[in-house]
Every structure is written in structure tokens, then in C-alpha cells.
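Coordinate analysis (summary)
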Amino acid sequence: MTIKKIVSNRNFEKRSWWDIVYKWEDIISKELSLPIKPLNIIQFGFQIFQNFFNKALPLNIQPNNLRFVMTARPKFYGEFGRQDIPIIIDFFLSDNKAIDFLNTVKKQKIVLISSKEVYDYLINIGGNSHQIKHWALSLPDELAITPQTKFEKKYDLVLIGRLPKTFQNYVDKYRERHPSFSIVTKRVEDGAFNYYDSSGNYVGNANDYQGYIDILRKSRIYLYTTPGLDSDKKTNGFSQVTPRFLEVVSAGCNIIMHYPKNSDTDYFELPKFGRSIQTYEEFEESVEEALKCEPDMKFRSEYLQKHYTSVRSQELKNILNYDLK
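Note that this is a predicted model, so its numbers are computed, not measured.

Along strand E5 (residues 84–90), 7 of the 7 residues are buried, which leaves the element largely enclosed by surrounding structure. Of the strand pairs in this sheet, strand E4 (residues 65–71) and E5 are connected by 6 bridges, and their pairing is parallel. Each bridged residue has a counterpart across the sheet, and for Val69 the counterpart in E5 is Ile88. The pairing of E5 with strand E6 (residues 111–113) spans 2 bridges and is parallel. Among the inter-strand pairings, Ile88 is bridged to a residue of E6, identified as Ile113. Where the polypeptide runs from E5 across helix H3 (residues 95–104) and back to E6, its parallel neighbour, the crossover connection is right-handed.

Structure follows, in C-alpha cells:
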């Protein structure tokens, strides 16, 4: 299979959750010597029209583009075409809509699914394993660590990202019992994501990826849950391990987690980093332990060697039987 380029939304899609996608694209581009073709909004609109037109024709179109797609849709919306290899990041479709998704992509030569849980599910309901492949999300190489890496931890807990209601209740209860517990929280001010400590002092902002990482590295503890648990986000039972887990590992935070056992949490080996918290008593015990223990950076550096984007690039090359042209 000959891949010629990576098609990117970076010229018009500026929402913060796309930042890591563009870092993945940059690394894949470097590792596989593929140019990046950024589309502007007009080109993107024209391509949607072209994709609808091509889908209706009985053409044998060979894919030669890589294309990240943020969310799986049950029906064809034209954000990728038969000339693309779509990389599906989020998949939260119900059973009926998952069948629709398989029908939608049946003319694609290959579809990459980031979640092992979703991949297993799609194959189980009739997906073609020769067409649908698992290709996991990754950590940008710029966040690589060594056994000697050490970050200055200024705060006990930084609340950055999604915090489920159960963990929020646990945090509130813990702070009542331990007033000296230092915590950093977010305020949205004039569209900026600013962070302040318990005394109201400004800590930093997470308006870009580096700012987010800098704040994360200051926290002794991180509370991590997979999105299918205790969430206001409708996931239809899917609970994928997100790149944030890898970011937290590299940031040297002791991780307190709530997660299910599924093929995604098995793939990323979450039990090696701790149990899934079920009660407040377990939470309090885990916090006390996390405040006393230094993270094992040797173990973490060895673990992350499997999950950097440069490693995924080589895995991608093998999946696609990659040919440079």
C-alpha cells in the first residue's frame, strides 16, 4: 500500500483537543517521511462534496492519505473519503449505530481504530479483520522521560481535565478532613483556562498543550478515570484509555484511578499503576500513600518505551505494509 501524505485539519481546527493530533501528525510525518497537507476551511468543504460524489461511484480508489477523525459517526458525513485511511480516535456508538458505521466504512480499504475495546467489539459484531485494524493512541516523543527525570512537585493535586462526580465528592470529603491538602483548580476567564492554588494565587494556564503539561508536572497526584465510568458523556459503555493517562505517567504524578477491566485497560496495563478505586476509604488510603511515595521513573520510562508516537509510526508502517512514494 502506497501512502503519499497526511491530510490535516490544522489550518482551521483550533480547538485545544486537536493539539495532540497535530503532534502525532508531525512525528508520523518525520518517521515515515510523509508530507503533511493542511486543508483550509474552503478546501475541507470542497473535499466533503467530492467524498460524497466518489462514494456513490463504483470506483476502485486506492487510499494514499492518512487522516485522523476525532469521532466515529454512524452515517457518512464526508470528513474522509475512499482515498483516505481514517484513524478513528473516539468511538461511542450504540449497537445499532455501530452496525451503521460498519456499513458506512465498508468501501474503505482499511480503517484504523484507536481503542482495543472498540476494535474487539467491531470484529465481534461482524467487522472484517482484514480491513479494520487496531492502532493505539500514543504519547508525543517530546514528553519522553528517563529513569533520572524528576519534576518539582509544588501541589498535592491539580484538578485538570474531566473529574467525575464520584471523585469530586471524594476530594471534597478529603479536604474537609485534611485542610492542609494543597489543590489547584481551574477558572475560565475571558475564554482562558487559568489555574489557581488554594490561596487564590495564579499557577498558570492550559490554553495550549505545553501550558497544560507544565501544570500537570507540578502535581503529586492525578485522578484518572476512563470516560465510560461516572461520566456525563454518553459513551454507550465504551471506556477507552485516553492519551491523558500516558501524559500523567510521563509527568511523574502518582495516579489514583477508577477504571473497568476491558481489553483497552489490559492493553495499557493500568493495574500495574494501581487498583481501581471503589470506595472513599480506598481513596483516602491511596491519597495518603501517594503523598508519601516518589514515582518509580525507571519503571515509567521503560513502560513508555512501548507507547511513544515514533514507536506507533513503525507499527503503522507494519500494519499498512507501507511503501514510500
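Resuming the write-up.
The 6 strands lie next to each other as E11-E10-E9-E8-E12-E13, forming an open sheet whose pairing is mixed. In this open sheet, the two strands that pair with only one neighbour each are strand E11 (202–205) and strand E13 (254–258). If you compare each strand with its neighbour and ignore which way they point, the axes differ by 30 degrees on average. Pairing analysis gives 5 bridges linking strand E9 (residues 183–189) to strand E10 (residues 192–196), with the strands arranged antiparallel. Each bridged residue has a counterpart across the sheet, and for Arg187 the counterpart in E10 is Asn194. Across the face of the sheet, helix H6 (residues 209–216) comes into contact with strand E8 (155–158), E10, E11 and strand E12 (219–225) while running at roughly 145 degrees to E11.

The tally for this structure, following the rule as stated, stands at 25 aromatic pairs. With 5.3 Å between their ring centres and 90 degrees between their planes, Phe245 and Phe273 make a pair best called edge-to-face. In this pair, Phe245 is assigned in helix H7 (residues 243–250) and Phe273 in the loop between helix H8 (263–267) and helix H9 (280–292), connecting sequence segments 28 residues apart. The class of Phe273 is buried, set by a relative accessible area of 14%.

Criteria and cut-off values
- Residues numbered from 1 in each chain as written.
- Predicted model: local features only at pLDDT ≥ 70, side-chain atom pairs only at ≥ 80, totals over all residues.
- Heavy atoms only, no water.
- Buried < 20%, exposed > 50% of the residue type's maximum accessible area, 1.4 Å probe, protein only.
- Helix = DSSP H or I, 4+ residues; strand = E, 2+ residues; numbered from the N terminus.
- Pairing = 2+ DSSP bridges.
- Right-handed = clockwise from strand over helix to strand, strands pointing away.
- Axes fitted to C-alpha atoms, helices over the stretch in contact; angles between N-to-C directions.
- Contact = heavy atoms within 4.5 Å.
- Phe/Tyr/Trp six-rings, centres within 6.5 Å; stacked < 30°, edge-to-face > 60°.

Purely spatial values, then, with no claim about function.
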